[in-house]
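Structural characterization, general
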Amino acid sequence: MASDPESNRQRLKQLIEKPGNGHCADCGAADPEWASYTLGVFVCHSCSGLHRNIAQISKVKSVLLDPWSSSEVQLVNSVGNNAAKAKYEQIVPAFYYRPTHKDCTLLREQWIRAKYERKEFMSAEKQEPYSAGYREGFLWKRGRDNGQFLSRKFILSERERVLKYFNKHDAREPKAIMKLNTVNATFQPQKIGTAHGLQITYLKDNSTRNIFVYHEDGKEMVDWFNAIRAARFHYLQVAYPGASNSELLPKLTRNYIKEGYMEKTGPKHTEGFKKRWFTMDDRRLMYFKDPLDAYARGEVFIGSMNNSYTVLPSLPANIQGYHWQFGITIVTPDRKFLFACETEADQEDWIAAFQTVINRPMLPQEYAVEAYFKHKP
């Protein structure tokens, strides 16, 4: 006869097979191998570490390696992921970002804390910091020229449809006004060098501008992120009155399709190739001297194959001046753009990223952006 610990382990394995339990309760990763015996949910290894940060609420064990008591198994059996979701995610606002296993630690940890520790989605009043349509506070912003982070006052106003910041705490006029219809925000902890680093972009004269900010308090930073998403959501609801939530939600904020170093040459293809940092943001391919530059040195619009855009895994035969061996040519209706990658894996990744964009038909509003790029001096 199986020992109690062994029978308990077998019972847990059976419970993982129940609907909802086969994916992490918090990030959705498949085949979770940990469980909280106080909350009654199955979680992945990564999220189990974040549950340890709220040990007063959640105590976790490995399903496969740790001994389990019958009462602990019974608690997990009585709850499970679906029931916990129904309880702790009762009223998650449509705009609120639900992180996946691919997202940074900060987003996943604050989602877990918001659900179980602060119980934000069981009471609408607790969502005031990001759902009110107005938010102001101080964030550390990276200086454009010296790279130092300095405290700056930020105001998000849904009514004015802007995000703005002030260079001095008592300044009357903002240093920059970012219109909500062009604002994007994406967490970039590795690039910015802080776990709470957020990159905010906006368009000025149809060119992209970057600012890099963070706050020591993780909740504060994620609240700002979701406040931007809320304001964008309400703006888009007005701009596209017939659109469904499923159409609008992907437009609230976006991660970049790909970033990294490549070499590039100039329009005449006679200059030497220079190493630059590239960002593929939707259909805009931008390049920078430094990943944390405020302005792109140049931007290229990448349309669809239906409009004569293609990507080739090589460079023209007569081209010289590149050090990296793995070439890419992007053919547009007007000219060819030449790049070189350091490794074959980089080349394959970039080609896949470009192909994703080229395979997608252009939207009506993207034709206007393409026209702007064609007539840009």
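See above for the structure.
Throughout this description, residue numbers start from 1 for each chain and increase along the sequence as written. Owing to the predicted nature of the model, reporting of local features is limited to residues with pLDDT of at least 70; listing and counting of side-chain atom pairs is limited to 80 or more, with chain, interface and lining totals taken over all residues. Values shown for side chains rest on all heavy atoms present in the structure; no hydrogens or waters enter the calculation.

Now for the pairing of strand β6 (residues 162-166). The element β6 is largely enclosed, with a buried count of five among its five residues. The cut-offs for exposure are 20% and 50% of the maximum accessible area for each residue type, with area from a 1.4 Å probe on protein chains only; residues under the lower value are buried, those over the upper are exposed, and the others partly exposed. Numbering of helices and strands starts at the N terminus; helices are DSSP runs of H or I of at least 4 residues and strands are runs of E of at least 2. By the alternation rule, side chains of β6 split into V162, K164 and F166 and L163 and Y165, which are all buried. At least two bridges found by DSSP between two strands are what make those strands a pair. Judged from the five bridges that link them, strand β5 (residues 149-157) and β6 form a sheet pairing that is antiparallel. Counterpart to K153 in the pairing with β6 is F166. Remark: four residues form the turn of the hairpin made by β5 and β6, two consecutive strands paired antiparallel; R161 in that turn has positive phi of roughly 60°. Relative to strand β7 (residues 176-179), β6 is paired through four bridges, and the arrangement is antiparallel. Considered in β7, the bridge of Y165 is made with A176.

Now for the side chain of H215. Considering the arrangement of structural elements, one finds H215 in the loop between β10 (207-214) and α8 (218-239). Owing to a relative accessible area of 17%, H215 belongs among the buried residues under this scheme. Any two residues whose heavy atoms approach within 4.5 Å at even a single point are treated as in contact. In this structure H215 touches F138, L139, H196, E220 and M221, once residues within four positions along its chain are discounted.

What follows is about the side chain of T329. As for its position among the elements, T329 is in strand β16 (residues 326-331). In this structure T329 comes out as buried when scored by relative accessible area, which is 3%. Two N or O atoms form a polar contact when they lie within 3.5 Å of each other; inside protein one atom must be a possible hydrogen donor and the other a possible acceptor, and for residues adjacent in sequence the pair counts only when both atoms belong to side chains. In this structure the side chain of T329 is engaged in a polar contact, spanning 2.6 Å, whose partner is the backbone oxygen of S314. When neighbours within four sequence positions are excluded, T329 is seen to be in contact with T310, V311, L312, S314, L315, P316, K336, F337 and L338.

On to the packing of aromatic side chains, then. Each pair of aromatic rings is reported with the distance of its centres and the angle of its planes. Pairing of aromatic side chains here covers Phe, Tyr and the six-membered ring of Trp, requires ring centres within 6.5 Å, and sorts the geometry by plane angle: under 30 degrees stacked, over 60 edge-to-face, intermediate tilted. Applying the stated criterion to the full structure yields 23 aromatic pairs. With 5.2 Å between their ring centres and 80° between their planes, F278 and F339 make a pair best called edge-to-face. Highlighted residues: F278 in strand β12 (residues 274-281) and F339 in strand β17 (residues 336-341), separated in sequence by 61 residues. Residue F278 is classed as buried on the basis of its relative accessible area of 0%. Consider the rings of F301 and F373, whose centres lie 5.9 Å apart with planes at 40°: the pair is tilted. With a gap of 72 residues between them, F301 in strand β14 (residues 298-301) and F373 in helix α11 (residues 364-375) connect regions that are remote in the sequence. A connected cluster of aromatic rings, assembled from ring pairs, spans F95, Y96, W111, F121 and Y130.

Okay, the nonpolar core next. Nine residue types can take part in a nonpolar core, namely buried Ala, Val, Leu, Ile, Met, Phe, Trp, Tyr and Cys, and a core is a set of them joined through side-chain atoms within 4.5 Å. Core analysis: the biggest nonpolar cluster contains 40 residues, and Y96, F154, M178, F187 and I200 have the highest contact counts within it. Mapped by element, the contributors of at least two residues to this core are α5 (105-117), β5, β6, β7, β8 (184-187), β9 (198-204), β10 and α8. Take this core: its biggest share by element is eleven residues, from α8. Those residues in contact with F187 that sit more than four places away from it in its chain are C104, L106, L107, H196, G197, L198, M221, V222 and F225.

With that settled, the discussion passes to unusual backbone geometry. In this structure, R161 takes a positive phi of about 60° despite not being glycine. In this structure R161 comes out as partly exposed when scored by relative accessible area, which is 39%. In this model, D282 sits at a positive phi of 55°, which is unusual for a non-glycine residue. Along the chain, D282 turns up in the loop between β12 and β13 (284-288).

Once that is clear, we can look at the packing of helix α1 (residues 4-16) against helix α3 (residues 70-78). Axis definition: a line fit to C-alpha positions, over the contact stretch in the case of helices; interaxial angles, taken between N-to-C directions, run 0 to 180 degrees. Two numbers describe how α1 lies on α3: the axes approach to 10 Å, and their chain directions differ by 10°. Put simply, α1 runs roughly parallel to α3. Taken together, the residues of α3 that come into contact with α1 (itself represented by N8, R11, L12 and L15) are S70, V73, V76 and N77. In this classification, the charged set is Asp, Glu, Lys and Arg, the nonpolar set is Ala, Val, Leu, Ile, Met, Phe, Trp, Tyr, Cys and Pro, and all remaining amino acids, among them Gly, are polar. A class-by-class count of the residues in the contact of α1 with α3 yields four nonpolar, three polar and one charged. To sort the angles, those under 35 degrees are grouped as roughly parallel, those over 145 as roughly antiparallel, those from 65 to 115 as roughly perpendicular, and the leftovers as oblique.

Right, let's talk about the sheet that holds β14 for a bit. Ordered in space as β14-β13-β12-β11-β17-β16-β15, the seven strands form an open sheet in which the pairing is antiparallel. Both edges of this open sheet fall to β14 and β15 (310-312), since each of them pairs with a single strand only. Taking the axes of each pair of neighbouring strands and ignoring which way they run, one obtains an average angle of 35° across the sheet. The pairing of strand β11 (residues 258-264) with β17 spans two bridges and is antiparallel. Directly across from K264, in β17, lies its bridge partner F339. Where α11 meets the sheet, its contacts fall on β13 and β14, and the angle it forms with β14 comes to roughly 130°.

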